Each structure stands twice: as C-alpha cells, then as structure tokens.
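Okay, here's what each chain looks like letter by letter:
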Amino acid sequence: MNKKIQLIKNSILFATTSLLVIGCSIDEKQTVITKTQLVMQEEFDTNGAPNPSMWSYNIGTGANGWGNNELQYYTDRPENITIENGSLKITARKELYLGSSYTSARILTKGKFEQKYGRIEARIKLPWGKGIWPAFWMLGANSDTVLWPQSGEIDIMEYIGSKPTQVFGTVHGPGYSGGEAISKSYTLPNDRFDNDFHIFGIEWGENYINYYVDDVLYNQITPKDVEGEWVFNQPFYIILNIAVGGNLPGSPNSETVFPQTMLVDYVRVYE
Amino acid sequence: MSLLLVFGCQNDDADLQTAKASSTAEIFIDTPIGMGTNFYFPYGAGPDNPIGSKLNAWSVDQKVSYKGTASMRFDVPNSNDPEGNYAGGIFKIDGAGRDLTQYDALTFWAKASQGVTVAELGFGEDFFPNKYITTVRNITLGTTWTKFIIPIPDASKLVLEKGMFRYAANTNDTNGKGYTFWIDELKFEKLGTIAHGQASIMNGNNISQTTFVGVKSTIDNFAATFNLPSGINQAVSLSSAYLTFVSSNPSVASVDATGVVTSLSAGTAVITAKFGDTVATGSLTINCVGTFVHAPTPTKTAANVISLFSNAYTNVPVNYYNGYWQPWQTTVSNDFTVNGDDVLNYTIFNFVGIEYSSPTINATAMTHVHLDVFFPGPIAPGRQLRVIVVDFGADGVFNGGDDTRHSTTFTAPTLVTNKWIGIDIPFSSMPGLLSRAHLAQLILEGGDGSVLYVDNIYYYK
C-alpha cells in the first residue's frame with residue numbers, strides 16, 4: 001500500500017514537471033497520462049437504456065433550471081437518451097414537454113460509482129449550435145448533506161455550441177464558484193469538437209487536478225490556484241448531460257438546428 | 001502500391017496535366033501570386049449598370065497592409081462618377097487553373113475607410129462559363145483589419161479553377177459617396193473548422209407549379225450555409241454546378257445539370273437537389289396537366305395587323321400585360337411558354353389591364369380587335385367576360401378629359417370551358433370609343449378568381 005502511494009507521488013512529480021516543459025515548448029510526444037490501471041469502464045456497448053446499476057437520471061427542470069435558468073426538461077425517454085451502435089446518445093430536442101420548450105437528458109453515477117482521485121476520461125463527439133451546453137462533470141458525493149459549492153464540482157469538459165472549437169475545464173468550490181470558478185479553455189487547432197470524437201479527461205490526485213484533451217495537457221489546478229478551501233480530497237460522482245439555454249450559453253436562436261446529439265463512446269476511470 | 005505507381009505513369013497526357021495543376025494557395029500577399037500578367041478584368045457595362053465598373057478601382061497599395069508591405073486597394077467611386085458608378089471585377093489566372101481540392105475556404109483580412117457593407121465577394125468567376133461561381137453577399141467591413149472566411153462549398157469540384165477572386169461594391173450603403181477598402185493576405189486555406197454545410201434551392205422553399213407538356217421551369221436561388229469556427233452561420237450563393245438535381249419521376253419531368261426542368265407528360269414530379277451526400281432544402285413540384293392545346297395560329301397577313309401579344313407577329317411595344325392595379329385587382333400573372341408559344345396566364349383573375357401607351361397605337365386603319373381566351377376550369381352560371389378598349393384621346397395620356405372607351409360583354413354560350421374562344425369585335429360595334437387613333441389600354445373584366453389564358457391579342461383589318 002505504502003509502495004503504491006509512493007508510486008503515485010512519483011507520478012505527480014512527473015506530471016508537474018511535464019507541465020512546466022509544455023509551458024516552455026510544445027512537445028508533441030509529451031505523456032499526458034500516468035494512471036493506467038483501469039478500475040471502471042463503461043463502454044456503452046449494450047443497446048437500450050444505460051445500465052441501471054451504474055447510472056440514474058435527473059428528471060425535470062430542477063430549481064431555477066438546475067440553478068442556471070436552463071430551458072430543458074430532462075427525461076429518461078429513449079428519444080432523449082439511449083445506447084446505440086456502441087455509443088451513449090444524449091439528444092436535446094425542441095418540443096413542448098410538460099411546460100418546457102426543450103427536452104434532453106442527464107445521467108449520473110451518484111451512489112453507484114463514486115471515486116476519489118484517479119484518471120477520469122470520456123471519448124465524446126459534441127453537438128453544435130447556439131444555446132447547446134453539453135458537459136462531462138463531477139459533483140462531490142456528499143452533495144446531499146453539504147451545500148454546493150462547499151461540496152465541490154469538477155467540470156472535466158464543458159462546451160457551448162456557439163464556440164465549436166473550444167472546451168473548458170473548471171473547478172467550483174467555496175469562494176470560487178459560478179463566475180469566480182477556476183477555469184481554463186482549450187481550443188482545438190485546425191478542427192472542431194463537433195466533427196469527430198475527442199478524449200476529455202482529468203488526472204486527479206491529492207491537491208491537484210490535471211486537465212487534458214486528446215494528447216494535450218492544458219491545465220493544472222492546485223490549492224494554490226483557488227481562493228478558498230480545497231474540497232477535492234473526497235469522492236465525487238460522474239454526470240453526463242446536454243443543457244439547452246441558460247445563463248452561460250444563452251438561448252438557442254433561429255439558426256440552432258434540433259435535435260442535437262452528444263455521442264459518448266466510453267467513460268473510463270483509471271488509478 | 002508499386003503497380004499503382006506504374007499505372008500512374010502510364011496515364012495519358014490529359015490526366016497528367018490535371019495531376020500537375022498548381023495547388024498554390026496564395027492569391028495576393030504583398031503582390032499578386034501566380035496570377036500571370038493579364039489577370040484583372042473589371043466588370044463591363046450591362047443592363048443594370050450602363051457605365052460599368054470604374055476601370056482603375058483596384059490597385060496595389062504600398063503604404064497600407066495588414067501584414068508585409070502591401071495590400072489590395074479598392075476605391076469605390078461616387079455613384080455619379082462619370083468613369084464608372086461602382087467597383088467590381090474578377091481576378092482570373094492568366095495561365096492554367098489551380099487545383100483547390102485540398103482547401104476549405106478563401107480567407108483574407110480586410111478593412112475599409114469607413115464602416116460599409118460590400119455587396120459581393122467570392123471566387124469561381126472566370127469569364128466564362130463561371131461554372132463554380134461562389135459569392136458571399138453584404139459583407140460588413142469595419143475600419144480595423146478583420147479576418148473573413150468564405151467557405152468553399154465543395155472543394156472536390158475545384159480541380160482546375162482560374163477564378164481566384166471576384167468583388168462588386170457600390171455606394172448604395174453610403175448615399176452615393178465613395179469609399180476605399182483594403183484586402184490583404186488573400187489566399188485559400190485548409191481551416192478544418194468549417195462544418196455542417198447545408199445547401200438550399202428555391203430559397204429553401206417547397207414550390208409547386210402547374211405545367212403542360214413542353215413547359216420549361218427553372219430551379220434557382222442556390223445557396224449553402226456553413227458553420228464557421230466563430231459559431232456563426234455563413235451563407236454563400238452557389239452555382240448549379242455544385243449541386244446534382246434529381247427528378248422523382250423522370251417520365252413526368254426531367255431536369256438537366258443546370259436546373260432547367262422540362263415537363264414531359266401528365267403527372268407529378270418533385271425536383272430536389274443533392275449537395276455532396278446531403279439533400280438540399282427546398283424543392284420544385286411539377287404538376288403537369290398534360291398536353292397544352294395551343295390557340296389557333298393567326299392567319300391574317302402581318303401588314304394588316306397591329307399585334308399586342310402573339311408569337312405569329314412582331315408585337316408593338318407594350319408597357320405591361322398586367323398592371324397590378326391597386327387596390328382592387330387580385331389577378332396574378334403566371335405566364336408560361338409551351339414549345340415556343342407564349343401564353344398569358346392570369347390566375348386569381350378578377351380584372352387585368354394591359355397598357356401600350358408608349359407610344360399609343362393609331363388603329364384608324366384597322367377594323368377589329370381580336371383575342372383568344374381559354375377557361376381551363378368550369379364556368380359559373382352567369383359568368384361574364386368584358387373586353388374594354390381604351391383610347392387616351394388627343395393628349396395621348398391617361399385621363400385629361402379626352403379618354404374614351406367601350407366595353408363589350410360576352411357570356412355563355414360564347415364562353416365555354418377548356419376550349420380556345422376566338423373573340424373578334426368590330427370597332428363599328430364600339431360606340432363608346434370615340435377615337436382609335438390613340439389606343440393605349442385593353443382591359444379584361446368579369447373574373448371570379450379562377451384562371452384565364454389569353455393569346456393572340458391584335459388589331460387587324
């Protein structure tokens with residue numbers, strides 16, 4: 001056990017050093033991942049609804065549009081969420097549904113798979129268009145007993161469809177949430193995120209979270225970077241969703257094409 | 001792999017020429033690149049622009065540039081400039097065309113001497129056949145350098161393109177006052193960030209047309225919209241050559257590569273277009289009702305006829321065949337041509353005025369007016385058709401106190417359905433018409449909102 005911890009610490013040092021190297025010169029061969037022991041894999045290989053032993057649903061509109069004035073009603077209908085051809089399909093639709101103008105889906109591993117530290121990544125093809133707001137993210141497993149943002153939020157990948165070449169990774173915690181969250185964006189060179197699948201991940205350990213897209217490590221967040229308590233040394237659960245509208249992306253416009261689908265090839269967790 | 005290479009070497013000369021086409025991206029950086037000597041062709045005079053583009057509107061500006069030492073400068077003249085009232089032209093390679101298949105956009109940096117909207121920027125115009133002409137309209141330029149992207153609709157088509165750049169700019173947006181804009185770093189690029197191309201025909205609308213065998217219809221208004229890396233949708237106007245047209249029922253209506261549709265037999269056919277692997281929005285539905293019955297060909301000697309509308313004679317000048325007289329007129333013209341025979345087609349017909357006042361007609365030597373009419377639908381009981389001949393009097397203009405007219409009313413059994421009805425009215429039966437020296441209008445009345453075809457309108461003796 002001690003030995004293992006030692007190994008991880010070595011990995012941390014390596015990752016930190018790597019970052020410095022990237023900061024000075026772009027090294028395409030840079031190793032961005034160090035955690036390689038697979039502890040969870042969700043390959044979305046069985047057609048139909050997501051595996052209920054791993055995923056549950058958020059249904060409805062939440063309070064104030066899930067806190068962001070989002071416009072969609074989340075459902076568990078196959079029109080909004082299903083597994084097909086080896087991918088999870090979350091589909092945002094423009095339709096009148098129980099008082100909302102849009103429907104979509106949001107699934108989470110709360111109480112089913114919760115993880116403290118590790119490498120958490122997903123391979124995703126993103127949708128596009130103004131007002132489309134997909135995310136691959138995590139909330140603190142204590143979120144029922146501890147109020148957000150004290151419970152913590154790690155946004156591994158967020159994206160708004162009106163900026164198809166850019167994603168961003170963010171942490172929210174006490175004193176640094178909402179508009180004050182610690183965030184960094186990554187712009188894909190000579191391509192866009194709705195053209196094909198890309199890998200979005202973090203390597204997360206004690207007192208650090210490293211963000212990567214494909215083979216590019218683009219940020220590290222440590223307690224030094226946050227204006228408050230570091231709340232990420234505890235288990236978190238995973239969330240996948242597409243929001244429509246809301247404070248961040250603004251509402252869809254007449255040019256937004258519906259339906260819009262996020263394809264998730266897999267979610268994998270390594271230690 | 002080796003075999004393939006050997007075959008490549010054995011291809012004939014034409015293929016080798018194609019394979020060797022330059023794929024140079026740059027058009028203008030600090031000088032024109034790979035354009036040859038004689039590459040700039042300003043637009044000439046035309047029906048809409050009697051003067052044409054000012055010849056020296058384009059120059060190389062050695063003092064202004066986004067990058068490097070020079071830029072392309074476009075001086076848009078004042079609208080009253082005697083040397084040309086707008087600026088426009090093409091940059092066409094003086095030499096072999098380029099292979100642009102590896103690129104996805106034409107890009108450039110631009111700014112203007114004031115905020116302006118430039119009418120058209122694009123490429124693919126080569127005088128002629130302008131096969132792949134591609135244009136972005138109404139580009140807003142500010143006074144600071146900004147990068148612009150014109151998506152290439154389908155680069156796989158551009159294997160040998162000479163039309164590198166085209167522009168047209170006027171002063172509609174500046175109250176006739178001239179201005180200058182600059183373009184720099186003009187080149188093709190592979191951005192990789194342009195996506196979701198969606199083409200449209202007929203402005204994206206689903207249009208229906210009733211036709212006869214032999215009628216030609218046109219698919220037009222081709223465009224495609226692309227999502228740019230900025231997230232903004234950019235529309236470009238396309239030529240037909242980027243699209244493949246498809247008829248759902250080729251025995252009813254065929255469509256050629258340019259979008260001209262020919263009705264062939266009775267039935268329904270939907271014409272759509274493919275853009276690469278995607279289907280363009282918009283369509284034209286042809287409802288062909290069968291073979292058209294032509295009006296009898298007039299037999300009067302041309303010397304004894306003053307013709308307003310007939311393919312059998314040379315027509316005198318006619319101001320219009322439908323004056324769209326407001327506020328009461330509902331009649332809409334959907335005139336058609338069947339196998340070279342032009343037919344006036346009045347739909348939603350209540351009344352319509354035909355005017356030929358510039359100049360008026362002196363029919364003093366004539367004895368009759370003739371027209372052929374056809375009611376393709378049922379005729380309601382009591383239905384009238386009134387033919388009114390109007391003389392503008394000695395002053396030759398409408399009103400003025402000396403206009404005279406006579407209205408002749410026709411009813412069943414003269415009026416029948418689905419048959420050409422020849423109408424001949426002698427002037428001797430038009431007591432209300434005090435003169436026929438200044439004939440200027442022929443008015444048809446009595447419609448009930450149905451359809452009326454008219455052909456062969458003439459005065460004769």
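Residues numbered from 1 in each chain as written. Chains lettered and ligands numbered in written order. Predicted model: local features only at pLDDT ≥ 70, side-chain atom pairs only at ≥ 80, totals over all residues. Heavy atoms only, no water.

Enquirer: Help me get a handle on the overall build of chain B, residues and values and all.
Expert: Along chain B, the regular secondary structure elements total two helices and 33 strands. Against the compact-globule benchmark of 23 Å for 461 residues, chain B has a radius of gyration of 29 Å, which places it well outside the compact range. Principal-axis analysis of the C-alpha atoms places the extent of chain B at approximately 85 × 55 × 40 Å. Within chain B, the proportion of its 461 residues that are buried is 48%. Partitioning the contacts of chain B with sequence separation of at least 6, the portion at a separation of at least 24 is 73%. Split by element, the accessible area of chain B, about 20900 Å² in all, is 53% carbon and sulfur. When the 26 positive and 38 negative side-chain charges of chain B are each reduced to one mean point, those points stand 2 Å apart. (Helix = DSSP H or I, 4+ residues; strand = E, 2+ residues; numbered from the N terminus. Rg over C-alpha atoms; globule rule 2.2 N^0.38 Å. Buried < 20%, exposed > 50% of the residue type's maximum accessible area, 1.4 Å probe, protein only. Contact = heavy atoms within 4.5 Å. Areas by Shrake-Rupley, 256 points an atom, 1.4 Å probe, with all protein chains shown as cover. Lys, Arg positive; Asp, Glu negative; His and termini not counted. Charge placed at Lys NZ, Arg CZ, Asp CG, Glu CD.)

Enquirer: Any details on the interface of chain A and chain B? Residues and values, ideally.
Expert: Listed as interface residues are 10 residues of chain A and, on the opposing side, 12 residues of chain B. For the pair chain A and chain B, the summed buried area comes to about 860 Å², and 45% of that belongs to carbon and sulfur atoms. If you sort the residues of chain A by the area they bury against chain B, Trp 128, Arg 192 and Glu 255 of chain A come out on top, with a joint share of 51%. There are zero salt bridges connecting chain A and chain B. Where chain A touches chain B, the interface holds six residue pairs in polar contact (both at pLDDT 80 or more). For the side of chain A that touches chain B, a count of residues per class yields two nonpolar, four polar and four charged. (Buried area = accessible area lost by both parts, 1.4 Å probe. Salt bridge = Lys/Arg side-chain N within 4 Å of Asp/Glu carboxyl O. Polar contact = N/O pair within 3.5 Å; in protein donor to acceptor, adjacent residues only side chain to side chain. Nonpolar A, V, L, I, M, F, W, Y, C, P; charged D, E, K, R; others polar.)

Enquirer: Account for the sheet that holds strand β18 (residues 253–255) of chain B, with residues named and values stated.
Expert: Residue and element names in this part refer to chain B. Taken in spatial order, the three strands of this open sheet run β14-β19-β18, and their pairing is antiparallel. The strands lining the two open edges of the sheet, one partner per strand, are β14 (216–218) and β18. Going across the sheet, the axis of each strand differs from the next one's by a mean of 25 degrees, ignoring polarity. In terms of strand pairing, β14 meets strand β19 (residues 260–263) through three bridges, oriented antiparallel. (Pairing = 2+ DSSP bridges. Axes fitted to C-alpha atoms, helices over the stretch in contact; angles between N-to-C directions.)

Enquirer: Describe the sheet that holds strand β30 (residues 404–410) of chain B, listing the residues and the values that go with them.
Expert: Residues and elements named next belong to chain B. Pairing within the open sheet is antiparallel, and its four strands lie in the order β27-β32-β29-β30. In the strand order of this sheet, the two ends are held by β27 (351–355) and β30, each with one partner. The average angle at which neighbouring strand axes cross in this sheet is 15 degrees, direction not considered. Pairing of strand β29 (residues 385–391) with strand β32 (residues 439–445) involves six bridges; the strand directions are antiparallel. If you follow Val 390 over to β32, its bridge partner there is Gln 441.

Enquirer: Please set out the packing of aromatic side chains residue by residue, giving values where relevant.
Expert: All chains considered together, the criterion is met by 52 aromatic pairs over all chains. Judged by centre distance (5.5 Å) and plane angle (50 degrees), the rings of Phe 193 of chain A and Phe 200 of chain A are tilted. For Phe 193 of chain A, a relative accessible area of 0% gives the class buried. Residue Phe 200 of chain A is classed as buried on the basis of its relative accessible area, which comes to 1%. Ring centres of Trp 204 of chain A and Phe 236 of chain A lie 5.3 Å apart, and the angle between their planes is 85 degrees; this geometry places the pair in the edge-to-face category. With Trp 204 of chain A in strand β14 (residues 198–205) and Phe 236 of chain A in strand β17 (residues 236–244), the pair connects residues that are 32 residues apart, well separated along the chain. Considered together, Trp 204 of chain A and Phe 236 of chain A belong to a single accessibility category, that of buried residues. Ring pairing ties together the aromatic residues Phe 39, Tyr 40, Trp 58, Phe 74, Phe 91, Phe 108, Phe 148, Phe 165, Tyr 167 and Phe 181 of chain B, which thus form one cluster. Over the face of the ring belonging to Trp 66 of chain A we find Arg 106 of chain A, whose NZ or CZ atom lies 4.5 Å from the ring centre. Geometry around Tyr 270 of chain A places Arg 119 of chain A over its ring, the cationic atom sitting 3.7 Å from the centre. (Phe/Tyr/Trp six-rings, centres within 6.5 Å; stacked < 30°, edge-to-face > 60°. Lys NZ or Arg CZ within 6 Å of the ring centre and 35° of its normal.)

Enquirer: Give a detailed account of the environment of Ile 27 of chain B, specifying residues and quantitative values.
Expert: Residue and element names in this part refer to chain B. Mapped onto the secondary structure, Ile 27 falls in strand β1 (residues 26–28). We classify Ile 27 as buried; its relative accessible area is 2%. Separated by 161 residues in sequence, Ile 27 and Phe 188 have C-alpha atoms that sit 7.9 Å apart. Contact partners of Ile 27, with chain neighbours within four places excluded, come to Pro 32, Ile 33, Met 35, Arg 98, Leu 106, Met 164, Leu 186, Lys 187 and Phe 188.

Enquirer: Which residues make up the side chain of Ser 247 of chain B, and what values do they have?
Expert: Residues and elements named next belong to chain B. Note that Ser 247 resides in strand β17 (residues 244–247). Ser 247 sits in the buried class, given a relative accessible area of 14%. Engagement of the side chain of Ser 247 in a polar contact is seen with the backbone nitrogen of Asn 249, the distance being 3.2 Å. Looking at Ser 247, its side chain comes within polar contact range of the main-chain oxygen of Ala 253, at 2.7 Å. Sequence-distant contacts of Ser 247, that is, excluding residues within four places in its chain, are made with Ala 253, Val 255, Ala 269, Val 270 and Ile 271.

Enquirer: Hey, could you go over unusual backbone geometry for me, with residue numbers and the actual values?
Expert: Glycine aside, a negative phi is what most residues show, and trans is what most peptide bonds show. All names here are of chain B. At the junction of Gln 326 and Pro 327, the peptide bond is cis and its omega measures out at 5 degrees in the coordinates. Along the polypeptide, Pro 327 turns up in the loop between β23 (305–309) and β24 (332–333). For the bond from Ser 358 to Pro 359, the omega torsion is 0 degrees, close enough to zero to count as cis. By the element assignment, Pro 359 lies in the loop between β27 and β28 (368–374). We note that Glu 185 has phi near 55 degrees; this positive angle belongs to a residue other than glycine. By the element assignment, Glu 185 lies in strand β11 (residues 179–189). Backbone geometry at Asn 418 places phi at a positive 60 degrees, although glycine is not the residue there. Along the chain, Asn 418 falls in the loop between β30 and β31 (420–426).

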